[in-house]
Amino acid sequence: MGWNFKKRQEELASLSDKEYDLVIIGGGITGAGILLDASARGLKAIVVEKEDFASGTSSRSTKLIHGGLRYLKNLEFGIVRETGQERAIAYNNAPHLVVPEKMVLPIQQGGTYGKFMTSIALRAYDWLAGVEKSERRKMLSKEKTLEIEPLLKPDKLKGSGFYSEYRTDDARLTLEVIKTAYHRGGVALNYCKAEELQYDKSGQANAVVCKDLLNNEKHVINGKVFVNACGPWSDEIRTLDKSMNNKRLHLTKGVHIVIDRKKLPLKHSVYFDVAGGRMIFAIPRGGVTYVGTTDTDYSERKENPNVSLEDVNYLLDAANNMFPKANIELTDVESSWAGLRPLIHEDGKSPSELSRKDEIFLSPKGLITIAGGKLTGYRVMAKKVLDIVCKRLDVDAKCTTDNIRINGYAEASMIKEIQKGLEEINLDSHEFKAARILHTYGSQAFCICKSIKENNYQTFIEAEARFCLDSEMTITLLDFFVRRTGYMYFNINTVVKNVDKIGQVFANHYNWSAEKLEMEINSIHEEVKNRSQFN
Ligand code: FAD
């Protein structure tokens with residue numbers, strides 16, 4: 001059976017008969033990775049997510065699978081090595097979702113690093129991450145730098161470092177990791193909020209009470225081991241468990257803005273520093289370029305954090321300073337998003353000084369909490385957790401996820417077949433479109449193309465909606481436009497143009513009333529406003 005709403009209802013109905021080896025709270029990339037590792041080790045595992053999968057930080061990152069050059073500045077060599085190795089594993093196992101991306105690091109007079117330091121840092125970065133010889137950094141002269149990236153401000157430019165990273169779609173990566181786990185017996189329920197932990201007579205956690213947020217029904221999930229992978233919400237679960245200690249989360253907000261690629265036509269990603277030593281990315285992607293991020297303390301509502309005018313102006317100033325010819329204005333900002341970093345609090349340190357390292361907290365009542373860390377390190381974070389879980393369960397099973405291909409696995413060469421597939425069904429096979437399809441759905445793209453033919457769809461997006469409803473546990477229009485397709489961030493006009501049509505596809509599928517359909521469509525208009533209007 002496809003991984004869809006019907007499957008969700010069946011799983012919910014059979015919960016009371018079961019006892020899981022492992023119950024995971026939180027369906028971001030951390031929970032997804034843990035579900036996959038557990039399922040691959042033969043454990044009976046389930047993840048519950050209170051909204052949609054990846055609706056927290058895991059759809060709001062800079063969307064890079066990177067070794068973390070900034071760690072080198074803090075001399076955190078261990079993290080650079082580990083994330084560098086994980087970057088290589090992520091690429092090998094999911095080339096459809098982890099795409100090579102060349103980065104330009106401009107060296108400017110008065111900037112954080114000089115030519116010599118940049119050269120050494122990037123060399124060390126490649127070495128620690130085990131980068132292949134042909135992919136290692138090159139140091140470029142001022143002239144060569146302006147040749148490959150003519151928009152850069154020439155005044156104080158002294159040259160650049162040109163090095164390798166990877167970009168991804170964080171929400172799709174989370175989803176495909178969950179689907180990989182699903183094919184190995186893992187269970188994943190969205191819109192299912194953990195509200196209470198229950199304990200046996202000896203005080204050890206033995207169940208979690210969840211509320212199905214689609215109908216407010218409560219379900220008890222029995223389990224042997226419990227993991228809290230709630231990212232910015234982790235302390236809420238630790239509070240439920242009454243196991244808060246002297247360490248707590250410190251949330252900082254990171255904002256990205258999206259600009260039409262014609263307005264900021266970068267050829268490569270650029271990683272540049274701004275006054276105060278912060279580093280900013282400008283990343284071209286399909287028809288847009290996105291710029292981020294900010295790093296400011298945050299204590300407001302954690303769901304869908306807002307992007308303020310101040311955040312946008314900060315990023316516009318940074319981009320205009322580095323690419324003055326682009327002359328980007330507020331009205332050029334098409335979309336935006338904000339994510340929360342769940343950092344571990346340390347007295348006296350500023351947000352950008354806090355370590356991005358993951359940390360595990362073990363509660364005396366059995367709850368295992370994992371917080372902090374990076375998208376890039378999700379697999380190794382899961383391994384650390386599962387090593388503890390297996391010990392507790394007295395199961396002798398090793399981690400194998402370094403060799404597990406992620407669902408939809410497809411190599412870059414498949415792009416030609418996708419282009420051919422699009423031509424066969426008389427759809428415009430623009431280069432960006434074929435690349436987007438490959439890097440969104442991988443090999444599943446063929447299933448979508450086939451359904452266009454079979455159902456005589458007039459547009460690709462209708463077939464996408466069909467696929468997402470049948471095989472991707474897509475429940476709301478926001479799930480579809482934000483996390484399954486990324487249109488809300490990277491092609492907001494497509495959202496506005498198609499919301500009524502796709503709303504009707506969902507309404508037919510789920511038998512929505514006229515009121516429900518109107519509510520769903522309004523939620524999209526509201527989100528378009530949140531993403532593109534600022535005050
Ligand atoms: P989340 O994705 O937040 O998942 C936690 C989930 O728990 C949420 O979906 C939430 O709804 C759910 N939840 C909460 N309470 C409950 C409950 N009671 N019951 C059920 N579910 C619940 N890393 C990189 O490697 N590369 C990058 O380029 C990068 N850029 C970043 C940029 C920014 C601005 C930020 C903020 C982070 C960035 N990171 C990056 C880090 C990375 O995004 C995070 O480390 C990662 O997404 C965290 O995933 P998570 O699963 O731990 O948390």
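See the structure shown above.
First, a word on scope: everything that follows refers to the structure included in this document. (Residues numbered from 1 in each chain as written. Predicted model: local features only at pLDDT ≥ 70, side-chain atom pairs only at ≥ 80, totals over all residues. Heavy atoms only, no water.)

Our next topic: the overall build of the protein chain. Counting its regular elements, the protein chain contains 18 helices and 18 strands. For 535 residues, the compact-globule estimate of 2.2 N^0.38 gives 24 Å, and the protein chain sits close to it at 23 Å. Along the three orthogonal principal directions, the C-alpha set of the protein chain runs to about 70 × 55 × 45 Å. When contacts within the protein chain are restricted to residue pairs at least 6 apart in sequence, those whose partners lie at least 24 apart make up 71%. Per element, the accessible surface of the protein chain, about 22,300 Å² overall, is 49% carbon and sulfur. (Helix = DSSP H or I, 4+ residues; strand = E, 2+ residues; numbered from the N terminus. Rg over C-alpha atoms; globule rule 2.2 N^0.38 Å. Contact = heavy atoms within 4.5 Å. Areas by Shrake-Rupley, 256 points an atom, 1.4 Å probe, with all protein chains shown as cover.)

The next point concerns the side chain of Glu149. With respect to the helices and strands, the residue Glu149 is situated in the loop between α6 (142–148) and β6 (157–167). There is no salt bridge for the buried Glu149, and the closest opposite charge comes from Lys267, which lies 6.7 Å off by N-O distance. At 2.8 Å, the side chain of Glu149 and the backbone nitrogen of His268 are in polar contact. Beyond its immediate chain neighbours, meaning those up to four positions away, Glu149 contacts Leu266, Lys267, His268 and Val270. (Buried < 20%, exposed > 50% of the residue type's maximum accessible area, 1.4 Å probe, protein only. Lys, Arg positive; Asp, Glu negative; His and termini not counted. Salt bridge = Lys/Arg side-chain N within 4 Å of Asp/Glu carboxyl O. Polar contact = N/O pair within 3.5 Å; in protein donor to acceptor, adjacent residues only side chain to side chain.)

Of all 7 residues making up strand β1 (residues 19–25), 6 are buried, and the element is well covered by its neighbours. Pairing geometry for β1 and strand β2 (residues 45–48), over 4 bridges, is parallel. By the bridge assignment, Ile24 is partnered in β2 with Val47. (Pairing = 2+ DSSP bridges.)

Looking at the ligand, there are 38 residues lining it, with Thr30, Glu49, Ser58, Leu64 and Thr376 nearest. Here a nitrogen atom of the ligand sits 2.7 Å away from a polar atom, N or O, in the main chain of Leu64. Measuring from an oxygen atom of the ligand, one finds a backbone N or O atom of Gly373 at 3.0 Å. For the ligand, whose free accessible area comes to 1,000 Å², the fraction covered by protein is 97%. Among the secondary structure elements, those contributing two or more residues to the shell around the ligand are α2 (29–40), β8 (192–199), β11 (249–260) and β16 (333–344). Along the lines of polarity and charge, the residues of the shell around the ligand split into 13 nonpolar, 18 polar and 7 charged. (Near = heavy atom within 4 Å. Nonpolar A, V, L, I, M, F, W, Y, C, P; charged D, E, K, R; others polar.)

Taken as a whole and judged by the stated rule, the model has 18 aromatic pairs. Their ring planes at 85° and their centres at 5.7 Å tell us that Tyr441 and Phe467 sit as a pair that is edge-to-face. Separated by 26 residues along the polypeptide, Tyr441 in helix α12 (residues 431–441) and Phe467 in helix α14 (residues 460–471) bring together distant segments of the chain. Relative accessible area serves as the criterion here: at 0%, Tyr441 is assigned to the buried category. Phe467 gets classed as buried once you look at its relative accessible area, which sits at 6%. Measuring from centroid to centroid gives 6.1 Å for Tyr510 and Trp512, while their planes differ by 25°, and the two rings are stacked. Looking at Tyr510, the relative accessible area reads 17%, which means it is buried. In this structure Trp512 comes out as buried when scored by relative accessible area, which is 15%. Put simply, the rings of Phe5, Phe480, Phe481, Phe506, Tyr510 and Trp512 touch in pairs and so form one group of aromatic residues. Between the NZ or CZ atom of Lys44 and the centre of the ring of Tyr20, over which it lies, the distance is 5.8 Å. (Phe/Tyr/Trp six-rings, centres within 6.5 Å; stacked < 30°, edge-to-face > 60°. Lys NZ or Arg CZ within 6 Å of the ring centre and 35° of its normal.)

So, about the pattern of salt bridges. Evaluated as defined, the whole model comprises 38 salt bridges. In this structure, Lys384 and Asp358 form a salt bridge, with 3.1 Å as the shortest nitrogen-oxygen distance. With Lys384 in helix α10 (residues 378–393) and Asp358 in the loop between β16 and β17 (359–362), the pair connects residues that are 26 residues apart, well separated along the chain. The buried category is assigned to Asp358, whose relative accessible area is 14%. Linked through salt bridges whose partners overlap, the residues forming this network are Asp37, Arg41, Lys383 and Asp387.

In this structure, β1 lies alongside strand β10 (residues 217–228), joined through 6 bridges in parallel fashion. Directly across from Leu22, in β10, lies its bridge partner Val225. Two elements, strand β9 (residues 205–212) and β10, share 6 bridges in a ladder whose sense is antiparallel. Its bridge partner lying in β10, Ala207 is registered against Asn222. Hairpin connection between β9 and β10: a loop of 4 residues separates the two successive antiparallel strands, and Asn216 in this loop has a positive phi of roughly 65°. As paired strands, β10 and strand β18 (residues 367–371) are joined by 3 bridges and run parallel to one another. For Phe226, the partnering residue across the bridge sits in β18 and is Leu367.

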